[in-house]
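Fold and geometry: a report
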Amino acid sequence: MPIRVRLALWHGAIFGAALLVFGVALYAIMARHLASMADEGVAGRVEHLATALRAANADGRMSNTLVIPPLDTFEEAEVYVQVLAPDGAVLSRSGNLKEQSLPIPQGAPRQGEFSAVLGGVEVRGSVAPVAIGGSTAAWVQVAVSNRQREMVLQRLRWALIGGGAGAVALVGLLSGALAGRALAPVSEMAETARAIALSRGFDRRLKAGNPRDELGQLALTFNEMLASLEKAYAAQEQFAAHASHELRAPLTGIRGNLDLMGMIKDMPEEERQQVLGQVRREVERLSRLVNDLLALARADTGQELELRPVELDAVVVDVYRQVLPTANGLDLRLATLEPSVVQGDEDRLKEVLLILVDNAIRYTPQGGTVTLALRREPPWVSVDVEDTGMGIAPEHLPHIFQRFWRADPARSRDRGGTGLGLAIAKGIVDQHGGEILVASTPGRGSRFTVRLPAHG
Ligand code: ADP
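Reference entry: report on the structure contained in this document.

**Digging into the nonpolar core**
If you look at the biggest cluster of nonpolar residues, it comprises 44 residues, and the most contacted ones within it are Leu312, Val357, Phe448 and Val450. Listing elements by their share of this core, those giving two or more residues are α4 (269-300), α5 (312-323), α6 (346-362), β9 (369-377), β10 (380-387), α8 (421-431) and β12 (445-453). Per element, the largest residue contribution to this core is 8 residues, and it comes from α6. Core analysis: the next-biggest nonpolar cluster, separate from the first, contains 20 residues, Leu53, Val130, Ala138 and Val142 among them.

Pasting the structure below:
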């Protein structure tokens, strides 16, 4: 059920309940008020009649006959009057009673109120004794019909029920209309969101409403989310473009070389070996690229690391031994090596160091030096990979950790680089809660420092 309708129903129901309580209270007060007014009217008439009776018989007690003044002067529409003898016999009654008499409660007259049904109409009355010369000479009985009172109450009932129902309906409709107006931006947002989802037009934005109300805030948050989605989507597109471009180059090389071998049937053995060597290098590059892409994908999907205490000094020595044979013409040194333990994934940490040392070797000309060092600097453990190579220009430093970024693409590619190494290394170090720092002077060399939180 739409929120608009639900709100309208809720408001209608709450207003209806309040109106019901109010109506019932009003009706009860009114009914009681009308009843007491009727009672007062009856009491006044009883008093009046008794006074008239006493006046008419002020001296007539001797003759022993009660003089009853004409009762018709006391009657009014729907006011009935009756005079009874002390034994309850009806002595006289107003003309509007015709053949009927007012009932005497419990047979004998007794002072008090009574109600009865007279000709199908409910009446309410009172009986009182009239004392003349010290004894009860008669009883007077006055009753008024409830018809008028009933009519007023009935009208009130209808007014309350009809008016109440109308008011509840009006409140429901108005509240629905207001809620509809207030929620219109939400429908608009939903429409835009759907359109964006379908078209992937993450550059679209919602109309900014009043930033101080909830919907304005929602639009603002939504736009922020769109901005970050736009960025992520653009980065993903760029990544895919870069990746396919990088993959295409070796593939084109391989195809070209294979075509060449196919075309030249009697290729001299030496040339054939050259072409095959080139194909092999391209295949190696392809597999390195695929491995790097896989490593990145693994980091992007947030794959859990297997965290264990790792003896980093052993890892550094391991890396040193592994790269030693590739450091042709370079002086690969192992400087300070303080025993240190970090909490991490040993394979991933080794990957980081291999990337850094491999870069240092690749970007350092023959005769240069690459130094590895491991130091404890509580609360960190730092690994330095320092080279005396070509260095990195200050304007390039902010980019080196970006995916596929290379200061000199042709040169990096020639040296087997994919432009992903540092991005992968940074991803792994970030996952370990550490950081990679770099200091470099063009022409003098670079120093990459991996800082990891020390364990224990
Ligand atoms: P690549 O595969 O190209 O080496 P990386 O992500 O490992 O990709 O490095 C990005 C770029 O940073 C490199 O292309 C290179 O220009 C620069 N770079 C990285 N390490 C060094 C270094 N030790 N000395 C000089 N330049 C470096």
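**A short note on the sheet that holds strand β1 (residues 79-84)**
Across the sheet, which stays open at both edges, the 5 strands sit in the order β2-β1-β5-β4-β3 with antiparallel pairing between neighbours. Every other strand in the sheet has two partners, leaving β2 (90-93) and β3 (112-118) as the edge strands with one partner each. In this sheet, neighbouring strand axes are inclined to one another by 25° on average, regardless of whether the strands run parallel or antiparallel. As defined by bridge partners, β1 adjoins strand β5 (residues 135-145) across 6 bridges and the pair is classed as antiparallel. Bridge pairing in β5 places Val83 opposite Val140.

**Digging into the side chain of Ser340**
Mapped onto the fold, Ser340 is located in the loop between β7 (331-337) and β8 (341-344). Judged by its relative accessible area of 1%, Ser340 is buried. Within the structure, Ser340 has its side chain in polar contact with the backbone oxygen of Glu338 (distance 2.7 Å). Every residue in contact with Ser340, bar those within four places of it in the chain, is listed here: Val310, Glu311, Leu312, Asp313, Leu374, Arg376 and Val381.

**Observations regarding the sheet that holds strand β11 (residues 435-441)**
Reading across from one edge, β7-β9-β10-β12-β11 is the order of the 5 strands in this open sheet, with mixed pairing throughout. With partners counted over all chains shown, the strands left at the sheet margins are β7 and β11, one partner each. In this sheet, adjacent strand axes meet at a mean angle of 15° when their direction is disregarded. Here 5 bridges tie β7 to β9, and the two strands are oriented parallel to one another. Looking at the pairing, Leu332 lines up with Val370 of β9. Against the sheet, α6 contacts β7, β9, β10 and β12, and its axis sits at roughly 25° relative to β10.

**Quick word on the packing of aromatic side chains**
Evaluation of the coordinates by the stated rule reveals 2 aromatic pairs. Summarising the aromatic geometry, the rings of Phe202 and Tyr233 are spaced 5.0 Å apart at their centres and angled 75° between planes, so their arrangement reads as edge-to-face. With a gap of 31 residues between them, Phe202 in the loop between α2 (147-199) and α3 (214-263) and Tyr233 in helix α3 connect regions that are remote in the sequence. Relative to Phe404, the ring of Phe239 has its centre 5.4 Å away and its plane inclined at 45°; by these criteria the two rings are tilted.

**Quick word on unusual backbone geometry**
In this structure, Pro379 follows Pro378 across a cis peptide bond, with omega equal to 5°. Positive phi, close to 50°, is recorded for Lys98, a residue that is not glycine. For Lys98, the position within the fold is in the loop between β2 and β3. One non-glycine residue, Arg200, adopts positive backbone phi at about 55°. On the secondary structure map, Arg200 appears in the loop between α2 and α3. Taking relative accessible area as the criterion, Arg200 reaches 52% and is therefore assigned exposed.

Rules used in this analysis
Residues numbered from 1 in each chain as written. Predicted model: local features only at pLDDT ≥ 70, side-chain atom pairs only at ≥ 80, totals over all residues. Heavy atoms only, no water. Core = buried A, V, L, I, M, F, W, Y, C linked by side-chain atoms within 4.5 Å. Buried < 20%, exposed > 50% of the residue type's maximum accessible area, 1.4 Å probe, protein only. Helix = DSSP H or I, 4+ residues; strand = E, 2+ residues; numbered from the N terminus. Pairing = 2+ DSSP bridges. Axes fitted to C-alpha atoms, helices over the stretch in contact; angles between N-to-C directions. Polar contact = N/O pair within 3.5 Å; in protein donor to acceptor, adjacent residues only side chain to side chain. Contact = heavy atoms within 4.5 Å. Phe/Tyr/Trp six-rings, centres within 6.5 Å; stacked < 30°, edge-to-face > 60°.

Just distances and angles here, no functional claims.
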